[in-house]
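Fold and contact review
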Amino acid sequence: MYQHILFETRNNVAHLTLNRPDALNSFHTGMAKEVQAALDICASDQGIRAVCLTGAGRGFCAGQDLAEAIEPGTDLAGIVRNTYNPIILKIRRLEKPVVCAVNGVAAGAGANIAFACDITLAAESAPFIQSFANIGLIPDSAGTYFLPRLVGLQKATAMAMLAEKIKAGEAADLGLIYKAVPDDLLINEATALAEKLAGMPTRGLGLTKRAFLAGFNNTLEQQLELEEQLQAEAGTTADHKEGVQAFLEKRKPAFKGA
């Protein structure tokens, strides 16, 4: 079914692996469409309660495949519109946790996709680079949206304009990612984290994600009102009832994601 990604579900976790290792998993139209289709499945399949995104081989994602981008008549706006914008929106609108395991270099759009995920882990050796300035472009894939919010305007500007490599440990210190882990432990730790999240109250986690996204643009008053609404919605879920009952009975809750 897929030519450019690997996609399978285990223990309620969808494992989505970018699979163009010879090109450092750089995006072309074919891989972008497959990633988008897989994310649609993650949204519609109730058996999927978390997603784990990573890359095959020695890199996570080198961004855009420039061989495609420099073809005569190429519309760069069209590439951004049809390749990256849908992926970012699908990740952020997916009301299930998305764990990202950055196994190697994450450059350009590859870095910004990693930053757009919910909880991102990276191998200690993995570098992040906003490589757009090196070819006279601007950060896309929501780079201009998330970077200033994650690290502040000064640091984001330096990252975008200087295109310096940032190692995983520094990225964690800056708040760009959740944490850096030893290379040989990355996949196991990311999988364990995704499986833990898949066993938690999925709808409550999804509503939390919705609230965080809205909070980027709401006033304080609007956000308080949204919290009131979403808390009421969360309170109607079976998992909320199970969590309260388990607390009262002093046992571990068995959440079903409903």
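Everything below is about the structure shown above.
Residues numbered from 1 in each chain as written. Predicted model: local features only at pLDDT ≥ 70, side-chain atom pairs only at ≥ 80, totals over all residues. Heavy atoms only, no water.

Regarding the sheet that holds strand S8 (residues 127-129)
- Taken together, the four strands give an open sheet; going across it, the order is S4-S6-S8-S9, and neighbouring strands pair in mixed fashion. This sheet does not close on itself; its edge strands, each paired only once, are strand S4 (59-61) and strand S9 (166-167).
- The strands touched by helix H4 (residues 109-116) within the sheet are S4, strand S6 (105-107) and S8, with S6 carrying the most contacts at an inclination of about 100°. (Pairing = 2+ DSSP bridges. Helix = DSSP H or I, 4+ residues; strand = E, 2+ residues; numbered from the N terminus. Contact = heavy atoms within 4.5 Å. Axes fitted to C-alpha atoms, helices over the stretch in contact; angles between N-to-C directions.)

Focus: the nonpolar core
- Among the nonpolar cores identified, the biggest contains 62 residues, and Leu16, Phe27, Val35, Val102 and Phe128 are the most heavily contacted of them.
- In this structure Val35 touches Ile5, Leu16, Leu18, Phe27 and Ile87, once residues within four positions along its chain are discounted. (Core = buried A, V, L, I, M, F, W, Y, C linked by side-chain atoms within 4.5 Å. Buried < 20%, exposed > 50% of the residue type's maximum accessible area, 1.4 Å probe, protein only.)

A few points about the side chain of Thr54
- Examined against the element boundaries, Thr54 turns out to sit in strand S3 (residues 50-55).
- Taking the relative accessible area as the measure of exposure, Thr54 reaches 10% and is therefore buried.
- Here the side chain of Thr54 touches Ala101 through a polar contact of 2.7 Å, landing on its backbone oxygen.
- Side chain to side chain, Thr54 and Asn103 meet in a polar contact 3.4 Å long.
- Setting aside anything within four residues of it in sequence, one finds Thr54 in contact with Leu16, Thr17, Leu18, Phe60, Ala101, Asn103 and Ile187. (Polar contact = N/O pair within 3.5 Å; in protein donor to acceptor, adjacent residues only side chain to side chain.)

With respect to the sheet that holds strand S1 (residues 5-10)
- With mixed pairing, six strands are arranged side by side in an open sheet as S1-S2-S3-S5-S7-S10. On the outer flanks of this sheet lie S1 and strand S10 (179-181), each paired with one strand and no other. Each strand of the sheet is rotated relative to its neighbour by a mean of 20°, with strand direction disregarded.

Topic: unusual backbone geometry
- Residues other than glycine seldom take positive phi values, yet Asn11 does so here, at roughly 50°.
- Mapped onto the elements of the fold, Asn11 is located in the loop between S1 and strand S2 (13-18).
- The class for Asn11 is exposed, based on a relative accessible area of 55%.
- We note that Asn12 has phi near 65°; this positive angle belongs to a residue other than glycine.
- Counting through the fold element by element, Asn12 comes out in the loop between S1 and S2.
- Judged by its relative accessible area of 35%, Asn12 is partly exposed.

Some thoughts on the pattern of salt bridges
- Scanning all chains against the criterion turns up 12 salt bridges.
- The closest approach of N and O atoms between Arg210 and Glu95, which form a salt bridge, is 2.6 Å. Of this pair, Arg210 sits in helix H9 (residues 202-215) while Glu95 sits in the loop between helix H3 (76-93) and strand S5 (98-102), and the two are 115 residues apart along the sequence.
- Using a relative accessible area of 31% as the deciding quantity, one classes Glu95 as partly exposed. (Salt bridge = Lys/Arg side-chain N within 4 Å of Asp/Glu carboxyl O.)

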